[in-house]
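Examination of the molecular architecture
So you can see what is in the structure, the chains are spelled out below.
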Amino acid sequence: MARTPRNPLSVTSLTAPVAMGYIPLGAVFGFLFVQAGGSAWLALASSLLIYAGAAQFMMVPMLAAGLPVSAIAMATLVINLRHVFYGLSLLSSMPANQWRRAYSIFALTDESYSVLTALPAGARSQRMALVCALNQAWWVLGTAVGVWLGARAQIGITGIDFVLAALFAVLAVEQWRARRDVVPIWIAVVTYGIALALLPAQALALAIALSLLAALLRPARPIGTAHE
Amino acid sequence: MNDGGYVGTAILLMALVTVVLRGLPFVAGRWLRRHAVIQKLGDSLPLSIMVLLLIDTAAGQARGHAGPPWPELICVAVVAILQWRTRQTLLSIVAGTLLYVALRGFTGG
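In every chain, residue numbers begin from 1 and rise along the written sequence. Ligands are numbered from 1 and chains lettered from A, in the order in which they are written. For this predicted model, a pLDDT threshold of at least 70 governs which residues receive local features, and a threshold of 80 or more governs which side-chain atom pairs are given and counted, while totals over whole chains, interfaces and linings are taken from all residues. Hydrogens and water are ignored here; the side-chain numbers use all heavy atoms of the structure.

**Section: unusual backbone geometry**
Residues and elements named next belong to chain A.
- Despite not being glycine, Arg180 has its phi angle at roughly 50 degrees, a positive value.
- The helix count covers DSSP runs of H or I at least four residues long, the strand count covers runs of E at least two residues long, and both are numbered beginning at the N terminus. Positionally, Arg180 belongs in the loop between helix 9 (162–179) and helix 10 (183–198).
- Per-residue accessibility, obtained with a 1.4 Å probe over protein chains only, is compared with the maximum for each type, and a residue is labelled buried under 20%, exposed over 50%, and partly exposed between these values. In this structure Arg180 comes out as partly exposed when scored by relative accessible area, which is 44%.

Okay, structure coming up:
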């Protein structure tokens, strides 16, 4: 091994923290999916084909409630909209090989994005596909563990579905860390209040539409305040 | 969730929506970057949406039990503070969820 163990750019040291997060969280997803009555192979198919943690956690109660697939697709659109803005900042550092490139785009999750943006720009394109593939391997492995556990133990734990709210809280904190802008938080709180008063059954959808409108209407931020 | 066709369709649609969103900047990046409107949305919308999803999910949890939403408020605060201080996603989520399970068990569900 030519690499020194402390090399902060080694692939192992880059994806080990992701493994620590993805294996247990993937396990929670697999567990909840099977406990809700889903089949093991569909849980694995979700982690292989969708590979988006928050959306996968969201799908379990929606599928269990038998909601229309259009509603589930719409919720996925909203939850994963942030990925459009991740890609924009990595445009210039994609792998040249088209298969690696395509896979990296498919597998660009929050965790992969934060690992990749921590790398110097020159090292990104070489490591991107490998980092993404290892991260997805951890996620699928975790799902398999969760499926295996869920098929064996029928334990209804009141409150374990709080994991979705906790994941959204984590993602909100990370969005805050990147921008340090308090206005979007106020926009969310105020529009949710308005939406709840006007249309309680569709409060989230209406609040998102109102937030979009507010984001368009707010004056541009002075140059130099965005943390990128 | 016993209907494989229904669940399978949902999975394929979710996969399609996700990959289109992840791919959009690479297909239409130049176009997207030329438009100040997109920059404005990128500055503001992701944080607003995460806060909205958080409020909506926590409110849904709170409707599942009687009494005031103290468990939700406390546990969301714990997750946010842990994540802010430590950046350990797993620690924040596991600690917050375990505390939530304990509080719900304690208050009688």
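**Thoughts on the pattern of salt bridges**
All names here are of chain A.
- Salt bridges are defined as contacts in which a side-chain nitrogen from Lys or Arg sits within 4 Å of a carboxyl oxygen from Asp or Glu. Throughout the structure, instances matching the rule amount to four salt bridges over all chains.
- Close ionic contact of Arg82 with Asp110 constitutes a salt bridge, the shortest N to O distance being 2.5 Å. With Arg82 in helix 5 (residues 82–90) and Asp110 in helix 7 (residues 110–118), the pair connects residues that are 28 residues apart, well separated along the chain.
- With relative accessibility at 4%, the residue Arg82 sits in the buried group.
- By relative accessible area, Asp110 is classed as buried at 17%.

**Some remarks on the nonpolar core**
- For the purposes of this section, nonpolar cores are sets of buried Ala, Val, Leu, Ile, Met, Phe, Trp, Tyr and Cys residues that join through side-chain atoms within 4.5 Å. By size, the foremost hydrophobic cluster in this structure holds 90 residues, and its most contacted members are Phe33, Met58, Met59 and Leu63 of chain A.
- Excluding anything up to four places from it in sequence, Phe33 of chain A contacts Gly38, Ser39, Leu42, Ala43, Ser46, Met59, Val60 and Leu63 of chain A together with Met1 and Val7 of chain B. Whether two residues touch is decided by their heavy atoms; if any such pair falls within 4.5 Å, the residues are in contact.

**Topic: the packing of aromatic side chains**
- Two aromatic rings, drawn from Phe, Tyr or Trp (for Trp, its six-membered ring), form a pair once their centres lie within 6.5 Å of each other, and the interplanar angle then sorts them: stacked below 30 degrees, edge-to-face above 60, tilted otherwise. The final tally for this structure, using the stated rule, is eight aromatic pairs over all chains.
- Ring centres of Tyr22 of chain A and Tyr51 of chain A lie 6.3 Å apart, and the angle between their planes is 90 degrees; on these two criteria the pair is classed as edge-to-face. Here Tyr22 of chain A is found in helix 1 (residues 11–35), whereas its partner Tyr51 of chain A is found in the loop between helix 2 (40–49) and helix 3 (53–64), with 29 residues between them in sequence. For the residue pair Tyr22 of chain A and Tyr51 of chain A, the accessibility class agrees, reading buried in each case.
- Between Phe162 of chain A and Tyr100 of chain B, the aromatic rings sit 4.4 Å apart at their centres with planes inclined by 15 degrees, giving stacked as the arrangement. Of this pair, Phe162 of chain A sits in helix 9 while Tyr100 of chain B sits in helix 4 (residues 89–106), placing the two residues on different chains. For the pair shown, Phe162 of chain A and Tyr100 of chain B are each scored as buried.
- One aromatic cluster is present, formed by Tyr22, Tyr51, Tyr103, Phe106 and Trp139 of chain A through successive ring pairs.

**Things to note about the packing of helix 9 of chain A against helix 4 of chain B**
- Each axis is a line fitted through C-alpha atoms, and for a helix only the stretch in contact is used; angles between axes span 0 to 180 degrees, taken between their N-to-C directions. Here helix 9 of chain A crosses helix 4 of chain B at 140 degrees, and the two axes come no closer than 9 Å. With respect to helix 4 of chain B, the axis of helix 9 of chain A lies oblique. Handedness of the helix 9 of chain A/helix 4 of chain B crossing: right-handed. Across from Phe162, Val163, Ala166, Leu167 and Val170 of chain A in helix 9 of chain A, the residues of helix 4 of chain B making contact are Thr89, Ser92, Ile93, Gly96, Thr97 and Tyr100 of chain B. Angle categories: roughly parallel below 35 degrees, roughly antiparallel above 145, roughly perpendicular from 65 to 115, and oblique for all the rest. Here is the rule for handedness: rotate from the far helix to the near one, and if that takes an anticlockwise turn smaller than a right angle the crossing is left-handed, while a clockwise turn gives right-handed.

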